[in-house]
Amino acid sequence: MAKKNLGEMSFLDHLEELRWLLVRSTLATCIMAFVTYFISDYLFDQIILGPIRPTFFTYVWFCDLSHSLGFADSICITELNFIIQNTEMEGQVNIFVWMCLLAGFILSFPYILWEIWKFISPALYEKERKNAKLFIFVSSLLFFLGVLFGYFVVIPMSVNFVATFSVSDVVKNQFTLESYMGMVKTSILGSAIFFELPIAIYFLTKLGLVTPTFLRKYWKYAVVIILIIAAIVTPPDVVSQTIVAIPMLIIYELSIWISKVVYKNKMKENV
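Let us look at the structure shown here.

How each quantity is defined
- Residues numbered from 1 in each chain as written.
- Predicted model: local features only at pLDDT ≥ 70, side-chain atom pairs only at ≥ 80, totals over all residues.
- Heavy atoms only, no water.
- Phe/Tyr/Trp six-rings, centres within 6.5 Å; stacked < 30°, edge-to-face > 60°.
- Helix = DSSP H or I, 4+ residues; strand = E, 2+ residues; numbered from the N terminus.
- Buried < 20%, exposed > 50% of the residue type's maximum accessible area, 1.4 Å probe, protein only.
- Polar contact = N/O pair within 3.5 Å; in protein donor to acceptor, adjacent residues only side chain to side chain.
- Contact = heavy atoms within 4.5 Å.

### Overview of the packing of aromatic side chains
The description of an aromatic ring pair uses the distance of the two centres, along with the angle that the planes make with each other.
For step 1, the next point in the chain: On inspection of all chains with the given rule, the structure shows 22 aromatic pairs.
For step 2, the next point in the chain: Geometrically, the ring pair formed by phenylalanine 56 and tyrosine 151 is edge-to-face, given 5.4 Å between the ring centres and 85° between the ring planes. Taken together, the residues phenylalanine 56 in the loop between helix H2 (40-48) and helix H3 (57-68) and tyrosine 151 in helix H7 (residues 132-164) connect sequence positions 95 residues apart. Each of the two residues, phenylalanine 56 as well as tyrosine 151, counts as buried.
For step 3, the next point in the chain: For the pair tyrosine 218 and tyrosine 221, a centre-to-centre distance of 5.7 Å together with 40° between the ring planes defines the contact as tilted.
For step 4, the next point in the chain: Cluster of aromatic residues (ring-pair linked, three or more members): Phe34, Tyr37, Phe38, Phe44 and Phe96.

See the structure below:
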């Protein structure tokens, strides 16, 4: 089927639509951020600051895994020897606002996707426009899986690494609240964006900018990069690095498979 005539809208009309997309998305984020205000005590004490406690779920799970693999207490985390302090006059206020906004963005992400889909849908075929629900569901699922991966894997592994690494026994770890929250935001959003890789590859393949051959050709480089990332954010043990690397490798393999399917369908349409 033919695409919708984009000439119906001028360049300024497109800019106006984009402006309202950003306005509605920002408003949705602010509304959800306001909702999180009412559970802010739980949000900060139990969720955001949860990974700094040895009783955090991931640390307990790693300890149980260590025992089941016969490693005794080799990867058990019983103490995180550092403190978090605020050094800025308005530090805690700024952190409170930005973390609520981050939570609001995460909660409103499906709606933001819906707004983005409405913006790009006029340029798609009718058949593709009917896949809106599938696109939003899969993209949201991957995004939330990335958030969970960042929170339950990347953050605790990073916290454990920086807490146990020391250039000298004389130096004590006293991290600022801003640096810890920055690590939390980077880990969660970075993981969430990486888990959106299959969606990005889908559209890039549709546009002809990426092919499965290209992705497979550079597979070994992708593996090296993923292993380096895993080594950076985890303690220096094989188990931790493997747990971080495997999901990332699966996401990359899934992206290659999606690219193959899209590429084959594209070739059939051109025949």
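### Quick notes on the side chain of serine 191
For step 1, the next point in the chain: Looking at where serine 191 falls in the secondary structure, it is placed in helix H8 (residues 177-194).
For step 2, the next point in the chain: Among the polar contacts listed, one links the side chain of serine 191 to the backbone oxygen of serine 187, at a separation of 2.8 Å.
For step 3, the next point in the chain: Apart from residues no more than four positions distant in its own chain, serine 191 is found in contact with Gly146, Phe149, Gly150, Val154 and Thr186.

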